[in-house]
Amino acid sequence: MKVAIIGGGPAGLYSAILLKKQRPAADITVYERNRADDTFGFGVVFSDATLDNFEKHDPSSYRWITQEFAYWDDIAVHFRGTVHRVGGNGFCGCSRRQLLLILQGRARELGVKLIFETEIDDEARFADADLIVLADGINSRFREKHAAYFQPEVDLRSNVFAWMGSTRPLDAFTFIFQETEWGPFIAHAYQYEAGRSTWIFETDPDTFKRAGLTGLDEKQSADRMAEIFGWFLEGHPLLTNRSMWRNFPMIRSQRWVKDNMVLLGDAKATAHFSIGSGTKLAMEDAIALADAMRDAPTVQGALALYEQGRREEVEKTQHAADVSLVWFEHLDRFLEFDPVQFAFGVMTRAKAITYDNLTLRAPDFVGEVDKAFARHVRNLGLDVDVEKPRAPMFQPFRLREMQLANRAVVSPMCMYSAKEGVPQDFHLVHYGSRALGGAGLIFTEMTCVGRDARITPGCAGLWNDEQEKAWRRIVDFVHANSAAKICLQLGHAGRKGATKLMWDGIDRPLEEGAWDVISASPVPYFHDSQVPREMDRAAMDRVKVEFVAAAERGERCGFDMLELHCAHGYLLASFISPLTNRRTDQYGGSLENRLRYPLEIFEALRSAWPAHKPMSVRISATDWAEGGITGDDAVKIARAFAEAGVDLVDVSTGQTVRDAQPVYGRMFQTPFSDQVRNEAGVATMCVGNITTADQVNTILAAGRADLVALGRPHLVDPGFTMKAAAWYGADDVFCPPQYLPGKEQIFRNSVRDRQDLEELKIKAKPKTRAELKAEATKPLAAE
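Residues numbered from 1 in each chain as written. Predicted model: local features only at pLDDT ≥ 70, side-chain atom pairs only at ≥ 80, totals over all residues. Heavy atoms only, no water.

Draft legend 1. Here's a closer look at the state of the cysteines. This model, assessed by the stated rule, comprises 0 disulfides. For Cys487, which is in no disulfide, the shortest distance to another cysteine sulfur is to Cys557 and amounts to 13 Å. Note on Cys487: relative accessible area 0%, which makes it buried. Cys487 supplies the cysteine sulfur nearest to Cys566, a cysteine that is in no disulfide, at a spacing of 13 Å. (Disulfide = S-S within 2.5 Å. Buried < 20%, exposed > 50% of the residue type's maximum accessible area, 1.4 Å probe, protein only.)

Draft legend 2. Unusual backbone geometry, seen in detail. Backbone geometry at Ala498 places phi at a positive 60 degrees, although glycine is not the residue there. Relative to the elements of secondary structure, Ala498 occurs in the loop between β23 (485–491) and α17 (502–505). In this structure, Asn689 takes a positive phi of about 55 degrees despite not being glycine. (Helix = DSSP H or I, 4+ residues; strand = E, 2+ residues; numbered from the N terminus.)

Draft legend 3. Quick peek at the environment of Cys487. Considering the arrangement of structural elements, one finds Cys487 in strand β23. Put simply, Cys487 and Leu233 are 254 residues apart on the chain and 54 Å apart in space, counted from C-alpha to C-alpha.

Draft legend 4. Representation of the packing of aromatic side chains in the model. Tallied over the full model, the rule gives 40 aromatic pairs. Between the aromatic rings of Phe79 and Phe342, the centroid separation amounts to 3.8 Å while the plane-to-plane angle is 10 degrees, which identifies the pairing as stacked. Note that Phe79 is positioned in strand β5 (residues 75–79) and Phe342 in helix α12 (residues 339–348), a separation of 263 residues in sequence. Each member of the pair, Phe79 together with Phe342, is buried. Taking 5.3 Å as the distance between ring centres and 80 degrees as the angle between the ring planes, the aromatic pair formed by Trp327 and Phe328 counts as edge-to-face. Residue classification places Trp327 among the buried positions, given a relative accessible area of 7%. What makes Phe328 buried here is its relative accessible area of 1%. Positioned above the aromatic ring of Trp256, the side-chain terminus of Lys268 is 5.1 Å from the ring centre. The lysine or arginine in question, Arg454, covers the ring of Trp515, its NZ or CZ lying 4.4 Å from the ring centre. (Phe/Tyr/Trp six-rings, centres within 6.5 Å; stacked < 30°, edge-to-face > 60°. Lys NZ or Arg CZ within 6 Å of the ring centre and 35° of its normal.)

Draft legend 5. The environment of Phe394, seen in detail. When you line up the elements, Phe394 lands in the loop between α14 (363–379) and β18 (397–399). Since its relative accessible area comes to 6%, Phe394 is described here as buried. Taking the C-alpha atoms as reference points, Phe394 and Leu281, 113 residues apart in sequence, are found 39 Å from one another. Sequence-distant contacts of Phe394, that is, excluding residues within four places in its chain, are made with Ala405, Asn406, Thr721, Ala724, Ala725, Tyr728 and Ala730. (Contact = heavy atoms within 4.5 Å.)

What follows is the structure in structure tokens.
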């Protein structure tokens, strides 16, 4: 077998090593444009888990690498004169140059041919090769040459950064957030060998310009950074090596394989430096390729297996990197946070590290986080214990005169089980059981303001006396048997109305019994959906009257709170989104105009709803489609509703158009809640694939939302909040007397269960290499 590898970085060299180990007789050659000892940048970072992978696949190079590494456990966050250290992270750093020399030495030892200072522009040179590995880096010539096939997408991020080094020793992975007269600067720094550390400086483009960095050369830039971070450098110089300011390109390729050519490392995909995974991804690509070559009978089969098996892991890492880099790009959202909450946000920004995880590794730090959260709650006028605070999930929250016992919310979820809009016994059990389960707030499903406002024939409504009576029965039960508050969500289906029950075909039009539908514009949802009638002024007035009448009925039912549904492509959302609003009158065009009618409805409801009771609005913070609503639009929408008197913004996303492309994942809508809350300055509720109490605490403690709504977890476990209260020791959660024996037992058991689980996790977690090294170098005790 003949293998040509273009690019002598970590991806190319490690793939050569692993392939040569598999096939000692193979002719494997690495071609590199630079000299053998050239390198750019300073150090690279690996986690202990990554090193475990290296050890498994090539123990020889692993041993060489680990002899050169600097190890540390702590992450240190410096912000506003404070430093918070979090241990148990298990990181290590190595000189990039030394890593390359190690890999080169191992490759030569195995018989790989290394050819340096050679440019390769045409794969035709390797017509006789069985496999061509394209590992030519972030500026890959071959990716661009075959761009029409590989279909790369390059997202050039807004922040600018420069990669430098220093002689300043560091004993932790260090984040320094430095506020200056021009704006904030960030330093990401870590030691990679004795007397050497990597420093990546980052800032937003406006701060960069104001600081006069435009046009400066490497030395001038280093001098400016040394001025800004001199207090921490302590006289140590900053070193440069192609340390020019640039924007980070997030690269994704639709295809990785062409004929017998395969992209590896940065040539195919990049991950932002803030999660330190670039070299890790490159070398793990090499591992995945070698594994595929071992397992498949042909090269083509191996390349297909490589791409199929590797893509998910790469995309997961890229998603984490995306979430992380966005946090740094929007640093200004968090600069007013309490320093310990700020540090918690740094630690949990990419969602991989959570409240419970940190509690296990750094309990004192999380204890500080809890106290800071409780102090904030007390400063808002609520009487809470600051010295022995509850976890954030079990801190109270107040909207106007409505006080919630905790911040767990049963999300609004359509049940499609009403009869002519009348809630049935199913609804009484559904809402009642979840109230008994301990949630602080329960939302009704979208309750329709008229018969022709329904999504399906099974949707609940509130336009007649029978419906009002049924809802009053539910509200009375919730109030009589729980501490939960209950919110009425009012909406109108608009163009998404007259459709089948969810389990019969969600959003599909009724085949019989349909009613006329209306919308901002005559744009059907599916191509075969009913074409809605564009609303004229008379229709707008009629619908507004229906909303107000429903709200008045809601007040008579005794609901504690009212929410206006302006999301998910329903009637009011169809006015807000430019994808569904094509009007040319005063209700179309600009966002201000598109908001005009939804705000009209909201203001009418606010006037009709009692002043002491809160109101919220549900919005789609993005349409997940080109030309639609964006996060920045959501901030403007939230501000407009806040000016009209909204108390809470319920931040959801999408479901506006059929060709939307949402990016799903854990807590996938939370970043939009974060943006709205911290840019618009309004309380938010987040929702969307939030499944655990740990996630709830993580979101709240990081200041990404004020309330957290969970849907599916509550469907299968009405006692979700009660169980979480037992786990976190929030023993004052309300429980009806009939259920007290169950509460007492779960609280007793949870103390032991949590202790057992934590002990098990501690025992199962291998010691980090930093811990092992510290033990190995510890002097023996005197006899």
